[in-house]
Amino acid sequence: MERSEIITKLQKKAISIRYEIIKMIGKAGSGHPGGSLSSADIGVALFFYQMRYQADNPKWEKRDRFILSKGHAAPLLYALLAQANFFDKKHLSTFRQYKSILQGHPASYLTPGVEVSTGSLGQGLSIAVGIALAGKMDKKSYNVYTLHGDGELDEGQIWESAMFASHKKLDNLCAIIDRNHLQIDGVTEVVMALEPLVQKWQAFGWHTIAIDGHNIGQIISAFDEFLTIKDKPTVIIAKTVKGKGVSFMENKAKWHGKAPKGELLKKALKELSTKKD
Amino acid sequence: MQNKQELVPIRDGYGKALLKLGEINPDVIVLDADLSTSTRSNWFAEKYPERFIDVGIAEQNMVNIAAGLSMEGKIPFATTYGVFICGRAFDQIRNTVCYSNLNVKLVGSHGGISVGPDGGSHQTIEDIALMRILPNMTVVVPCDHIQAYKATLQLAELKGPAYLRLAREPTATITSEHCEFQIGKADIMTEGNDIVIIFAGTIGAEVIKAVPLLHQKNIYPTVINMHTIKPIDKDVLIKYARKFGKIITIEEHLKAGGLGSAVAEFLAENAPTKMRMFAIDDRFGESGQPDVLLDAFGLSAEKICQRVEKFLYEG
């Protein structure tokens, strides 16, 4: 397939994933749309371009591992897993309900394709480091991917694991930062300044790639580049827009963890379905 | 009289068991957070450097790296002082290890006030409480180096999260190689007809020392080593609670949430029994020589003897 064809296909998928995210959160009446939408393009490129897996065999030994460290973006993960056929799409309408296999935040004991439970921020990178280290010990060829919120980088543990990963030269590890500049209490640079972020990761010994996180071409090029890097872990810092794809949610911190209701829900779904066609 | 040479730190048993595991189980990985010489994980590190990971002073990272390793079929033993692994990394233990039910072994050395001179900051007296409240968790508190050795080997075979509590001070060996040990099954160490004493951990050495003192007062206790706090041996509790109607628990831990608390929770619903908990009551530890501290906290053999007598005759 031509590169341009791949890109067009992924762009289309990203719109339907966004549509599912809003539908799921709308039905549940709660959830986290902002950060699910901002990382939708990255998620689609991971699941439908980059990663090797077998949906009917979620524990396939050679699969690439994905850890959603920003567990609140569960709607994105569930939409991706359903789209990839890890489970039936009908489960999406049960999100956050009693007895659902789709908990408010990822729970590995319930959901096929969820590697580990997340939700408390800052832990996913350390877990991924453990998986990457095991891969190195056993000379396995899988890669490990993580997705983090930028607000999540406030957690000290992120930097413990960042130090460790470069110290152990884990070049089978790729962290992706959804750099949407917003956290619950507001703008990251006001709440807890992160810049200069690229230099911080470089200082911690990582190979850094800064991209536009909504440009599929740039995302897949970054993944291609990661595969060529030896002896150090890679971080992709993807500049994104929180709430991307739904006009009234874009760049609004208040849509971090709130479901659209009534007319707003209809408006959001209509905007996305117009783009779909 | 105790011979000084017979005193062995319980962590030595752990260190030896790791060496054994290194030899027999290639999946065993040992992690430490810059305290390997103190926890005895350095013995494993020297022999199996490719399976030893020092994370530096970063307990949260250590616990989650162990989680990641376990997801790939490894059996990680994450080791440091109890106060740091249970306290500093509690959220990692709760949200990653236990919630995902991962096969991670958490090992906390330096349990209890007998840590001594380092003082309250380093004496974990809340670790049992923190660990036993977590779903999926097993909690084992061996009494001496021989039992620590056996417990470590068995934990490697047990699937799921577990916490093993060790101690710093050399203590008397009160079990032998031949004693049976099984996680979840209490040891009846001596049988008497007057009262039942249940202990966990190295405080057992003081309890065993108190037995002849009690005999001198014509008190014959049954002594039970409840080395597994979770799952607790319910059959033994029911049997001895019904038989004696009076139970004493002894531990180097806070009264809130420890062994006594676990025993009381079960018995209150199943066989209500008059109890006394010899433990540390709502305060931190402090600096001092271990024997001085144990006496000050009412946990020396002499104090145990006095308190048992008081409970038996005065209620």
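Structure: see above.
Residues numbered from 1 in each chain as written. Chains lettered and ligands numbered in written order. Predicted model: local features only at pLDDT ≥ 70, side-chain atom pairs only at ≥ 80, totals over all residues. Heavy atoms only, no water.

### Notes on the overall build of chain A
The criterion, for reference: What counts as a helix is a DSSP run of H or I of at least four residues, what counts as a strand is a run of E of at least two, and both are numbered from the N terminus. Within these notes, the globule rule equals 2.2 Å times the number of residues to the 0.38 power, and the radius of gyration is based on C-alpha atoms. Only protein chains enter the accessibility calculation, which uses a 1.4 Å probe; a residue whose area is less than 20% of its type maximum is buried, one above 50% is exposed, and one in between is partly exposed.
When helices and strands are tallied, chain A shows 10 helices and seven strands. Computed over its C-alpha atoms, the radius of gyration of chain A comes to 17 Å, within 12% of the 19 Å expected for a compact globule of 277 residues. Taking the principal axes of the C-alpha coordinates as reference, chain A spans close to 50 × 45 × 40 Å. Sorting the 277 residues of chain A into buried and exposed places 60% on the buried side.

### Side note on the sheet that holds strand β1 (residues 65–68) of chain A
All names here are of chain A. Note the threshold: The criterion for strand pairing is that DSSP finds at least two bridges linking the strands in question. For helices, the fitted line uses only the C-alpha atoms of the stretch in contact; every axis is such a line through C-alpha atoms, and the angle between N-to-C directions lies from 0 to 180 degrees. We call two residues in contact when some of their heavy atoms are within 4.5 Å.
Taken together, the five strands give an open sheet; going across it, the order is β1-β2-β3-β7-β6, and neighbouring strands pair in parallel fashion. Bordering the open sheet on either side are β1 and β6 (207–212), each of which pairs with just one other strand. Each neighbouring strand pair of the sheet contributes to a mean axis angle of 20 degrees, computed without reference to strand direction. As paired strands, β6 and strand β7 (residues 234–239) are joined by six bridges and run parallel to one another. Following the sheet pairing, Ile211 is matched in β7 by Ala238. Across the sheet, helix α3 (residues 40–50) touches β1, β2 (144–149), β3 (173–179) and β7, and the angle it forms with β2 is around 170 degrees. Helix α5 (residues 124–137) rests against β1, β2 and β3 of the sheet, and its axis sits at about 175 degrees to β2.

### Notes on helix α10 (residues 262–276) of chain A
Residue and element names in this part refer to chain A. Quick reminder of the rule: Here, expected helix span is obtained from the residue count minus one, scaled by 1.5 Å. In this description, one arc is meant: the one made by directions from the helix axis to the C-beta atoms.
Given a rise of 1.5 Å per residue, 15 residues ought to cover 21 Å, and the 21 Å separating the end C-alpha atoms of α10 matches this to within 8%. Of all the positions in α10, only Leu265, Ala268, Leu269, Glu271 and Leu272 are classed as buried. Relative to the axis of α10, the buried residues are bounded by an arc of 155 degrees and lie together on one face. Those residues of α10 that are exposed and angled more than 90 degrees off the buried face are Glu263, Lys266, Lys270 and Thr274. Those residues of α10 that are buried are in contact with α1 (3–28).

### A few points about the sheet that holds strand β11 (residues 221–225) of chain B
All names here are of chain B. The strand order β9-β11-β10-β13-β14 describes an open sheet built from five strands, whose pairing is mixed. Since the sheet does not close on itself, it has two edges, and those belong to β9 (187–190) and β14 (274–280), each with one partner. If you compare each strand with its neighbour and ignore which way they point, the axes differ by 25 degrees on average. Two elements, strand β10 (residues 195–199) and β11, share five bridges in a ladder whose sense is parallel. Bridge assignment links Ile198 to a residue of β11, and that residue is Ile224.

### Observations regarding the interface of chain A and chain B
Here is the rule we go by: Note on definitions: buried area is the accessible-area loss of two parts on being combined, 1.4 Å probe, summed for both. Take a side-chain nitrogen of Lys or Arg and a carboxyl oxygen of Asp or Glu: if they are within 4 Å of each other, that pair is a salt bridge. Two N or O atoms form a polar contact when they lie within 3.5 Å of each other; inside protein one atom must be a possible hydrogen donor and the other a possible acceptor, and for residues adjacent in sequence the pair counts only when both atoms belong to side chains.
With 26 residues of chain A in contact, the opposing surface of chain B contributes 23 residues. When the two sides are added together, the surface that chain A and chain B hide from each other amounts to roughly 2,000 Å², 55% of it contributed by carbon and sulfur. The largest share of the area that chain A buries against chain B comes from Gln123, Met137 and Glu160 of chain A, three residues that together contribute 25% of it. At the boundary of chain A and chain B, one finds two salt bridges. Of the charged contacts in the structure, one is a salt bridge between Glu72 of chain B and Arg65 of chain A, with a shortest N-O distance of 2.7 Å. Taken together, chain A and chain B are joined by 12 residue pairs in polar contact (both at pLDDT 80 or more). Broken down by element, the side of chain A that touches chain B gets its largest block of residues, eight residues, from α5 of chain A.

### Observations regarding the packing of aromatic side chains
Here the distance between the centres and the angle between the planes together describe a pair of aromatic rings. The condition that has to hold: Pairing of aromatic rings covers Phe, Tyr and Trp, the last counted by its six-membered ring, and requires centre-to-centre distances within 6.5 Å; plane angles under 30 degrees mean stacked, over 60 mean edge-to-face, and any other angle means tilted.
Counted by the stated rule, this structure contains 16 aromatic pairs over all chains. Ring geometry for Trp159 of chain A and Phe204 of chain A: centres 4.9 Å apart, planes at 50 degrees, overall tilted. Placement of Trp159 of chain A in helix α6 (residues 156–167) and of Phe204 of chain A in the loop between α8 (197–203) and β6 is noted, with a sequence separation of 45 residues between them. On the basis of relative accessibility, which here comes to 26%, the residue Phe204 of chain A falls in the partly exposed class. Here Phe44 of chain B and Tyr48 of chain B contribute two aromatic rings whose centre-to-centre distance is 5.1 Å and whose plane-to-plane angle is 40 degrees, an arrangement assigned as tilted. No difference in accessibility class separates Phe44 of chain B from Tyr48 of chain B, as the two residues are buried.

### Observations concerning the pattern of salt bridges
For side chains of opposite charge, pairing can occur when their charged atoms come near one another. Tallied over the full model, the rule gives 24 salt bridges over all chains. The salt bridge partner of Glu206 of chain B is Lys209 of chain B, with a shortest N-O separation of 3.7 Å. Residue Glu206 of chain B and its partner Lys209 of chain B are located together in helix α9 (residues 204–216), separated by three residues, close to a single helical turn. For Glu206 of chain B, a relative accessible area of 15% gives the class buried. Its relative accessible area of 38% is what places Lys209 of chain B among the partly exposed residues. Where salt bridges share partners, they join Asp150, Arg179, Glu189 and Glu195 of chain A into one cluster.

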